[in-house]
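Report on the structure
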Amino acid sequence: MDLGISGKTALVCASSKGLGLGCAEALAEAGVNLVMNARGSEALDASAQAIRDTYGVEVTAIAADITSEDGRAKVLEAASQLDILVNNAGGPPPGLWSDWDRDDFIKALDANMLTPIALMKALLPGMMDRGWGRVVNITSQSVKAPIPQLGLSNAARAGLTGYVGGTARQVAEFGVNINNLLPGIHATDRASSLDQAVADREGITVDEAHAKRSATIPARRYGTRQEFGATCAFMCSQHAGFMVGQNILLDGGSTNATL
Ligand code: NAP
């Protein structure tokens, strides 16, 4: 399917690895030029070069912490006109409700709620002026079904979801579509480190932890970054122009709910 976005430019935050990289690859395959970002430059430069070599699109790689004001300024400086914004950053650490104090919440809100909001605030006016834009926020299945040990993530992502629910409806008439993409378990470094934590806690191998978690998913496997990226690229496409303020779950059936 021609996604109709060849020649447009996208900022994909936190995209040297994992789900962000999957989104960058799928957009590049659709002919979209990219601004890619991560804190570490080694993996970022390697991923950017692999995308240039494979898809022949322009890629600007900016090493910066997207959750800091300085980092965001650096990334935005490199991107003159952006048509597509994919918001992403690392997720907050797991724990117990009694572990977290105000500073922990402020850090999680900064990373997973206020950073995407700041980037939308910076980029929506240009998209609205040009009459076309797409924003996809990578959140989590925990928005639909909160995960007990991810209280910081549950809180920050619910806040972002509420903001998007209102804002998406204020900008839709200008040809700008904002939606959220909610990953369930996908095979990335983040998932591996969660498996490692389970293995350490339960005295089992990482493979056993992986198999145990896969068994809880109706699809009986983890999702791939390619599947995730393809869904993101569709949400950024011409065909998604009537999708406004939605929360699209990609979780192999884990969240058992009809709505
Ligand atoms: P990942 O494999 O650990 O990759 C994270 C990527 O983000 C890396 O490229 C990393 O590079 C970059 N990054 C992290 N913090 C950053 C920051 N502050 N500024 C700029 N770049 C940053 O993680 P993932 O699995 O793709 O997860 C992406 C998001 O989806 C996370 O918020 C996660 O909580 C959420 N999620 C993931 C899953 C899953 O199963 N994978 C499920 C639900 C939700 P550097 O470290 O070099 O910065």
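Below you will find a few notes about this structure. One numbering rule holds for all chains: residues counted from 1, following each sequence as written. Totals for whole chains, interfaces and linings use every residue, but because this is a predicted model, local features are given only for residues with pLDDT of at least 70 and side-chain atom pairs only at 80 or more, for both listing and counting. No hydrogens and no water enter the side-chain calculation; it runs on all heavy atoms of the structure.

1. Remarks on helix α8 (residues 225-235)
In an α-helix, one turn spans 3.6 residues, which is why side chains three or four residues apart end up on the same side. Only protein chains enter the accessibility calculation, which uses a 1.4 Å probe; a residue is then buried when its area is under 20% of its type maximum, exposed when over 50%, and partly exposed in between. Only DSSP runs of H or I with at least four residues qualify as helices, and only runs of E with at least two residues qualify as strands; both kinds are numbered from the N terminus onward. Three or more residues of α8 are buried, namely F228, G229, C232, A233 and M235. On an axial view of α8, the arc spanned by its buried residues comes to 155 degrees, and they lie on one face. Considering only its buried residues, α8 is in contact with α1 (18-29), β4 (84-87), β5 (133-138), β6 (176-183) and β7 (247-250). Directions are taken from the helix axis to each C-beta atom, and the arc is the one they span. For this analysis, residues touch if any pair of their heavy atoms sits within 4.5 Å.

2. Overview of the pattern of salt bridges
Criterion for a salt bridge: a side-chain nitrogen of Lys or Arg within 4 Å of a carboxyl oxygen of Asp or Glu. Applying the stated criterion to the full structure yields 6 salt bridges. D189 is the partner of K17 in a salt bridge, and the nearest nitrogen-oxygen pair spans 3.6 Å. Of this pair, K17 sits in the loop between β1 (9-12) and α1 while D189 sits in helix α6 (residues 189-202), and the two are 172 residues apart along the sequence. D83 is the salt-bridge partner of R130, the closest N and O atoms lying 4.0 Å from each other.

3. Thoughts on the side chain of S15
By the element assignment, S15 lies in the loop between β1 and α1. Since its relative accessible area comes to 0%, S15 is described here as buried. In this structure S15 touches G20, L21, A24, M36 and N37, once residues within four positions along its chain are discounted.

4. Quick look at the site of the ligand
Definition of nearness: a residue and a molecule or strand are near each other if at least one heavy atom of the residue lies within 4 Å of the molecule or strand. In the vicinity of the ligand, 28 residues are found, and the nearest of them are S16, L19, R39, A89 and T188. Here a polar contact is taken to be a pair of N or O atoms separated by no more than 3.5 Å, where protein atoms must pair a possible hydrogen donor with a possible acceptor and residues adjacent in sequence count only if both atoms sit in side chains. In this structure, a nitrogen atom belonging to the ligand sits 2.8 Å away from a side-chain N or O atom of D65. One of the backbone nitrogen or oxygen atoms of H186 is found 2.8 Å away from an oxygen atom of the ligand. Elements with a contribution of two residues or more to the shell around the ligand: α1, β2 (33-38) and α6. Here the residues of the shell around the ligand sort into 9 nonpolar, 13 polar and 6 charged. When residues are sorted by character, Ala, Val, Leu, Ile, Met, Phe, Trp, Tyr, Cys and Pro go into the nonpolar class, Asp, Glu, Lys and Arg into the charged class, and all the rest, Gly among them, into the polar class.

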